[in-house]
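Given next are the chains, with one letter for each unit.
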Amino acid sequence: MKSVFVYCEVENQKVAEISQELLSAGKRLAQKLGCPLEAMIFGKNLNGIKSQISSYGVDKLFVADDERLEPYRTLPHAALATEILKNQDPQIVLFGATSVGRDLAPRIASVLNCGLTADCTILDIGDHFVKKEKKEYKDLLYAIRPAFGGSIMANIINWDQHPQMATVREGVMKKEIFDTNYSTEIVRVNVNDIVKEEDFIVKIIERHIEESGVNLKEAPIIVAGGYGVGSKENFQHLIDLADLLGGEVGGSRAAVDAGFIDHDRQIGQTGTTVRPKLYIAAGISGAIQHRAGMQESSLIISINNDPEAPINKIADYVIEGDLAEVVPKMIKYYKENAK
Amino acid sequence: MRPLKIIVLAKQVPDTRHVGADAMKPDGTVNRGKLSTIFNPDDLHALELALNIKDRVLGTEVIILTMGPKRAADIVREGYYRGADYGIMISDRRFGGADTLATSYTLVRGIQKLAPFDLVLGGRQAIDGDTAQVGPQCADKLKIPQVTYVEEIVDIKDDEIIARRRLEKGVETVSSPFPCLMTVHGSSPACRSRHAKRVMKYKYARTNTELKSSKTEELILSLHKKRPYLTIPEWSVEDIDADINKIGLPGSPTKVKSVESIVLTAKEAKKLSDTDADIEIMIKELIEQHTIG
């Protein structure tokens, strides 16, 4: 049956943020296709889980509830998901581009022999004419993502092998309640019919999950640095400014790779997507992967030596200069003028 | 402890982190010739992890396996320089245009030719696509468990290996029986440098395709006759007995419908200098708009 399917992540009876975003995106696709939205969720003690999922407009929810399914392990989850997908034969399946989704989705794609597009920033529905077959394929998933150093946006499609699968990073899709009274049919999955004992062969010995103190998504002001910041020491200027303005510090991938800033502060396609009211980009040239993660900011200030930096084209203020001089001046005049 | 046989998957990638202005042709397609190529960074971490196990478990063998065009032989040489025992290249025009599914199928045909093995290691992801899909897809096709995002091998026993994984929000230590496949996270130790003696020993290592090139000097050809270890094996579609429908473009379900060059239409940006006057004006405006303060 034609449907859109979402793999939901859950831990301690809480449905992950990314999964709620995917359900919202999945509903929008399902509405375009005029088809049901379905979801699957595997974990333990999931009795009340429906209440967190129904309101996104989910028509059918497959629940596998078993002590051994949480925390996530690849093989049992892959066995369950493939079995459900084989039986339901949906058109589209969405996963979070998380530690879990990026581990699971490719394994499933391999079993089902289907295409999988990673880290999409736009999902849409459209047609495609295949010249060789002289045939128009209707209502395909357009999985759109930046590619090749960010110089291009690629629209990836897959017309001959179902389902069409995609992963999406957290924060990219908007979370949207569809109907608070939506009625969802629950299908209980019999775990022992599908998962074999040897699927539990990888054992978790120890686990430390710390909720990251960094909350870029909610920060009203973000001061971000790129490779052009030059050093960890120079990053201190950005930290000072962010502290003063009550914002968070972020970085481009190049800044993370260079070791200027921690990985959990990376902004962009492969990091966090943010929409603050003010985004200050210092020493960031602005490859599309980075812009994809911040271009919806209400106001953008770019500080850059290079007047031709691509980021300047989406900025509201462009300051040409050295950030090591400019940022301290911003701090000084903020202190003088703020009430 | 018994010695292990480790296969390291490594990819040659365009250096997308340093894309110059000439990397794109006027028609919007990628000018691959203008991009320098490097050893995929995460794969170097995987090589280090393998060499680290070799240091710990006497007699362990590290085999480097790469797939790519002719120039990807650099990856095998680099592997030799840093400590790999043996290197193989999968190379054939018909493998071109492969997406992750076709790539994993091809690699697995190569891995199976090297079986039995204890461990397959690869980087978490390659910088030219960042998909992180090939590792798990190989594990599925090999019907073995996968342990992704490994940053440290905690312990190695006769029948199992214990590894610490780096997750988004923490760490997890898991045990897996052999054989298994691991993808290695960039937070693991960086790869050791080239070893001068190994560079001397292997600098003339070439594939047969490279040897056939007219530029090859007589000296190298004669060295290859005396020292067969210098010849890097090159496997074709037939050598790995691959199904032609599962490789290259025909084996790739995902297709690129269209690519769009990114053309930015400039906003009406206010252009400021770094003078005190300009910066004070901007800060005052931001305070007035209640953007800050």
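Residues numbered from 1 in each chain as written. Chains lettered and ligands numbered in written order. Predicted model: local features only at pLDDT ≥ 70, side-chain atom pairs only at ≥ 80, totals over all residues.

Asker: Looking at this structure, how should I read helix 8 (residues 276-288) of chain B?
Answerer: Structurally, the α-helix is built with 3.6 residues per turn, so residues lying three or four positions apart point the same way. Here helix 8 of chain B is 13 residues long and its end C-alpha atoms lie 18 Å apart, about the 18 Å a rise of 1.5 Å per residue gives. Residues of helix 8 of chain B that are buried: Ile279(B), Met282(B), Ile283(B) and Leu286(B). The buried residues of helix 8 of chain B occupy an angular sector of 95° when the element is viewed end-on, so they sit on one face. Among the exposed residues of helix 8 of chain B, those pointing more than 90 degrees away from its buried face are Ala277(B) and Glu288(B). Against the buried residues of helix 8 of chain B lie strand 18 (317-320) and helix 8 (323-337) of chain A together with strand 15 (270-272) of chain B. His290(B) lies just past helix 8 of chain B and shows a positive phi near 60°. (Helix = DSSP H or I, 4+ residues; strand = E, 2+ residues; numbered from the N terminus. Expected span 1.5 Å × (residues − 1). Buried ≥ 20, exposed ≤ 12 C-beta atoms within 10 Å, placed from the backbone. Arc of directions from axis to C-beta. Contact = placed C-beta atoms within 7 Å.)

Asker: What am I meant to see in the packing of helix 5 (residues 232-245) of chain A against helix 8 of chain A here?
Answerer: When two helices pack together, their arrangement is given by the angle between the helix axes and the distance between those axes. Residues and elements named next belong to chain A. Interaxial distance between helix 5 and helix 8 falls to 9 Å at its minimum, and their mutual angle equals 20°. Classified by the angle their axes make, helix 5 and helix 8 are roughly parallel. As helix 5 runs across helix 8, the sense of the crossing is left-handed. Contacts between helix 5 and helix 8 pair Asn-234, His-237, Leu-238, Asp-240, Leu-241 and Leu-244 from the former with Leu-323, Ala-324, Val-327, Pro-328, Met-330, Ile-331 and Tyr-334 from the latter. (Axes fitted to C-alpha atoms, helices over the stretch in contact; angles between N-to-C directions. Parallel < 35°, antiparallel > 145°, perpendicular 65-115°, else oblique. Left-handed = near helix turned anticlockwise from the far one by under 90°.)

Asker: How do you make sense of the packing of helix 3 (residues 100-114) of chain B against helix 4 (residues 134-142) of chain B when you look at a structure like this?
Answerer: Residue and element names in this part refer to chain B. Across the interface, helix 3 lies against helix 4 with an axial gap of 9 Å and an inter-helix angle of 50°. If you check the angle between helix 3 and helix 4, you find them oblique. Helix 3 and helix 4 meet at a crossing whose hand is right-handed. Across from Thr-100, Leu-101, Thr-103, Ser-104, Tyr-105, Leu-107, Val-108 and Ile-111 in helix 3, the residues of helix 4 making contact are Val-134, Gln-137, Cys-138, Lys-141 and Leu-142.

Asker: Got a minute to help me understand the pairing of strand 10 (residues 152-157) of chain A in this structure?
Answerer: Each regular strand displays side chains that alternate between the two surfaces of the sheet. Bridging between strand 9 (residues 135-147) of chain A and strand 10 of chain A involves 5 bridges; their strand directions are antiparallel. The partner of Ala143(A) across the bridge, within strand 10 of chain A, is Ile156(A). Taken together, the 6 bridges between strand 10 of chain A and strand 14 (residues 255-261) of chain B define a ladder with antiparallel strand orientation. What sits directly across from Ile152(A), in strand 14 of chain B, is Ser261(B). (Pairing = 2+ DSSP bridges.)

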